[in-house]
Amino acid sequence: MRLTEAENRKHAYIAGEYDVAVVGAGHAGCEAAHACAKLGLKTVLFTLHLDSLANLPCNPSIGGTAKGQIVREIDALGGIMGKVADECAIQMRMLNRSKGPAVFSPRAQMDRSRYHVVMKHVLEDLPGLDIRQAHITDLLTDDSLSQAAGVMTESGAIYKAGAVVICSGTYMQSRTIRGEVIIESGPDGLPRSEGLSDSLKELGIPILRFKTGTPVRVNSRSVDLSVMTRQDGETDCPPFSFDNEMNGFGLPEDQIPCWSVWTTPETREVIKNNMDRSPLYSGVIKGIGPRYCPSIEDKFARFADKDRHQIFVEPMGRDTNEMYLQGFSTSLPEDVQIQMVHSLPGLEKAVIQRSAYAIEYDLIDSTTLRPTLESRIVSGLFTAGQINGSSGYEEAAGQGIVAGINAAMKVLMREPVIINRSQGYIGVLIDDLVTKGTNEPYRMMTSRAEYRLFLRQDNADSRLTPVGHEIGLIDDERFALFEKKISSAGKEKERLKNTHIGPTDTLQEILDKAGSESPKSGVSLASLIKRPGITYEALAPVDPERPALDEAVIRLVETDLKYEGYLKLELEKIEKFSKLESVMIPADIDYSAVRGLRIEAMQKLDRIRPENVGRASRISGVSPADCEVLLVYIEQHRRSGK
């Protein structure tokens, strides 16, 4: 809608003028609003309901495989998810320990209600940020319909803004589904967003439809935990926040255990007998669901060779009896859900406090976005989170901080910030969404990152804190601590490489424990650490001159040394990648004039309009031969001075 048209509407009025308006206060919106306000911009954050700010409607946890790396990257850039998660954690674990440090992934169980309270308080205390409960129904533009100018509420309140960030989550035109019961609402029975989806569609932004779901919650008082497998937290995990890590933040000593059970033949039978009532298979659900987090009925249908599936029973917080059944999402009717839950060991008498449901919602085609997350259709409009086709709190927050930073850069007329694939999982996530798009809710996994040996959770600050400092989200005090850490790690690696020891009884004992061969002559401490089973700590008896170092520095030193050879090869790949990324494609290029391009490649390139050849090479349907043709054309274009 044009701003002038909105102003002339009956009952419309100017309610405020801001640099940036953020619509939606989920995990993407919170990061976007925080980034803009911290960068000195007058910002307003809208939410349909203040009590749903930073809600955890699905699994009440933060982190996990690949997701934990994203949380640490957000923190390295100057975001807030990691700090709030550290404060609200009731259990912490490091996943993938058996697979090596390159894919170690921190995961913490949250106190759900406390996470909301802490995040809300952090944002309420932030200078320059106003938080408003309101229903945004229209995106406003200038008269050209190509420049975002603000937003309007259902009551006609107009908020002018230089940039708009929409983080609508699963609320746009959403409906929840339990069997035959369909309700037009958002998650947890909260109001849905109406009108905004149509407003975007009218501006020429393609709208898609996805589906996700959430499991039942049961009362712990009605659960027999004695027949379940207990899973305790770990005490040697670093916090999510590097700031907390450098300042000696400790994990809670009274971590709450989680539990696990397996489905039974009875579970399978209940589901099989009621598949005709499943909205997923009856055609009621039109939206596309997540491949990597299917509902329990979808698991039994798609993996017919599996006799059983593991279910995790996890606490929702310290001050509640609610427990969450991870891996047990469903859209089957409530009466069937009761049978399903009662078929699980220890849950035969479980009292369900919240029924499971599927939720459908509108989103945009993410290939209409630039890598800054700004729309290529409406200038000054940024989107982040599930509106872009992703799933998960962490993926949303990672996009949120990037969208917030770039909205601020737009208003401040500064250069945009692009996190590339070699800098972080956030870069992989955004590049995949804007370059390839997604036909299902996108979930980040370590296998999606081609440089995952380099993109570790322990070195996220090395990769991104300089970026956060340059932007202005990392203050000088924290940056000085970061530089001290990196300097200490560098000096220690050099010391270990230059410190040689000869065969001794003590060294032999250390090597025997690790099943490692004895050196025939002097050997450096660094080369010993590279051996399997040998740790920095294990070599302490033969290294009396070692300095006192923080645990974070030791972890970084040890991992860098163990992966040194692989990292060298990875950095060579990154250098080649950077060369393609540095070849910019003229913004006004006419792909039909590029002789030698296949028709499919020409059509895909013209639709997505990649900024550089590296991004063009990752578009489905664009072959290496097409990229060679493109490189020749760009070079000819450059030489001719056109």
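Residues numbered from 1 in each chain as written. Predicted model: local features only at pLDDT ≥ 70, side-chain atom pairs only at ≥ 80, totals over all residues. Heavy atoms only, no water.

All right, on to the overall build of the chain then. When you go through the chain residue by residue, the secondary structure sums to 22 helices and 21 strands. Against the 2.2 N^0.38 benchmark of 26 Å for 642 residues, the chain shows a C-alpha radius of gyration of 26 Å, consistent with a compact globule. Each of the three principal axes of the chain carries a C-alpha extent, and together these read 90 × 75 × 50 Å. Looking at the chain as a whole, 57% of its 642 residues are labelled buried. Within the chain, counting contacts between residues at least 6 apart in sequence, those at least 24 apart form 74% of the total. For the chain, the centre of its 77 positive side-chain charges and the centre of its 89 negative side-chain charges are spaced 4 Å apart. (Helix = DSSP H or I, 4+ residues; strand = E, 2+ residues; numbered from the N terminus. Rg over C-alpha atoms; globule rule 2.2 N^0.38 Å. Buried < 20%, exposed > 50% of the residue type's maximum accessible area, 1.4 Å probe, protein only. Contact = heavy atoms within 4.5 Å. Lys, Arg positive; Asp, Glu negative; His and termini not counted. Charge placed at Lys NZ, Arg CZ, Asp CG, Glu CD.)

Each aromatic ring pair is described using two quantities: the centre-to-centre distance and the angle formed by the ring planes. Counted by the stated rule, this structure contains five aromatic pairs. Summarising the aromatic geometry, the rings of tyrosine 18 and tyrosine 159 are spaced 6.4 Å apart at their centres and angled 40° between planes, so their arrangement reads as tilted. Highlighted residues: tyrosine 18 in strand S1 (residues 13-23) and tyrosine 159 in strand S9 (residues 157-166), separated in sequence by 141 residues. For the pair tyrosine 18 and tyrosine 159, a shared accessibility class is recorded, and that class is buried. Here the aromatic cluster, defined as three or more aromatic residues joined through ring pairs, consists of Tyr18, Phe46 and Tyr159. Looking at arginine 72, its charged tip hangs above the ring of phenylalanine 242, at a distance of 3.9 Å from the centre. Just above the ring of tryptophan 262 sits the side chain of arginine 308; from NZ or CZ to the centre is 4.0 Å. (Phe/Tyr/Trp six-rings, centres within 6.5 Å; stacked < 30°, edge-to-face > 60°. Lys NZ or Arg CZ within 6 Å of the ring centre and 35° of its normal.)

On to the pairing of strand S4 (residues 89-95). The element S4 is largely enclosed, with a buried count of five among its seven residues. Where S4 meets strand S5 (residues 105-110), six bridges bridge the pair, whose relative direction is antiparallel. Following the sheet pairing, glutamine 91 is matched in S5 by glutamine 109. (Pairing = 2+ DSSP bridges.)

Once that is clear, we can look at the sheet that holds strand S3 (residues 61-63). Reading across from one edge, S3-S5-S4 is the order of the three strands in this open sheet, with antiparallel pairing throughout. Each edge of the sheet is formed by a strand with only one pairing partner; in this case those strands are S3 and S4. Taken over all neighbouring pairs, the strand axes of this sheet differ in orientation by 20° on average, direction set aside. When S3 meets S5, the two strands line up antiparallel, connected through three bridges. The residue of S5 that forms the bridge with isoleucine 62 is alanine 108. Against the sheet, helix H3 (residues 67-77) engages S3 and S5, with an angle of about 80° to S3. (Axes fitted to C-alpha atoms, helices over the stretch in contact; angles between N-to-C directions.)

A few words now on the domain arrangement of the chain. According to the domain assignment, the chain contains domain 1 (3-211 + 361-471), domain 2 (476-572) and domain 3 (582-641). Put simply, the middle of domain 2 and the middle of domain 3, counted by C-alpha atoms, are 46 Å apart. (Domains from an automatic or database assignment.)

What follows covers the environment of phenylalanine 240. Along the polypeptide, phenylalanine 240 turns up in the loop between strand S13 (229-231) and helix H7 (242-246). The buried category is assigned to phenylalanine 240, whose relative accessible area is 0%. The spacing of phenylalanine 240 and isoleucine 70 is 170 residues in sequence and 9.9 Å in space, taken between C-alpha atoms.

Within the largest apolar cluster, 106 residues are counted, with the highest numbers of intra-cluster contacts made by Ile62 and Tyr115. For this core, the element with the highest residue contribution is helix H12 (residues 393-412), accounting for 10 residues. The contacts of tyrosine 115, once residues within four sequence positions are left out, are His27, Ala54, Leu56, Ile62, Met81, Val84, Ala85, Cys88 and Met110. By size, the runner-up hydrophobic cluster in this structure holds 23 residues, among which are Val270, Ile271, Phe328 and Met340. (Core = buried A, V, L, I, M, F, W, Y, C linked by side-chain atoms within 4.5 Å.)

When the terminal C-alpha atoms of helix H15 (residues 476-498) are compared, their 33 Å separation across 23 residues agrees well with the 33 Å that a helix rising 1.5 Å per residue should span. The complete set of buried residues in H15 reads Arg478, Phe479, Phe482, Lys485, Ala489, Glu492, Arg495 and Leu496. The secondary structure elements touched by the buried residues of H15 are H3, H7, helix H14 (460-471), strand S21 (523-524), helix H17 (525-529) and helix H18 (551-562). Sitting at the head of H15, aspartate 475 places a side-chain oxygen 3.3 Å from the backbone nitrogen of glutamate 477. (Expected span 1.5 Å × (residues − 1). Polar contact = N/O pair within 3.5 Å; in protein donor to acceptor, adjacent residues only side chain to side chain.)

Bringing unusual backbone geometry into the picture now. Note: most residues except glycine have negative phi, and most peptide bonds are trans. Its identity is not glycine, yet alanine 66 carries a phi of approximately 70°, on the positive side. For arginine 609, which is not glycine, the phi torsion reads 50° and is therefore positive. Considering the arrangement of structural elements, one finds arginine 609 in the loop between helix H20 (599-608) and helix H21 (613-617). Assessed through its relative accessible area of 22%, arginine 609 is described here as partly exposed.

This part is about the pattern of salt bridges. In the structure shown here, the tally under the stated rule is 52 salt bridges. The closest approach of N and O atoms between lysine 67 and glutamate 394, which form a salt bridge, is 3.5 Å. In this pair, lysine 67 is assigned in helix H3 and glutamate 394 in helix H12, connecting sequence segments 327 residues apart. An identical accessibility class is assigned to lysine 67 and glutamate 394; each is buried. Close ionic contact of arginine 555 with glutamate 245 constitutes a salt bridge, the shortest N to O distance being 2.7 Å. A residue pair is termed long-range when its members are at least 10 positions apart, and arginine 555 in helix H18 and glutamate 245 in helix H7 qualify at 310 residues. (Salt bridge = Lys/Arg side-chain N within 4 Å of Asp/Glu carboxyl O.)

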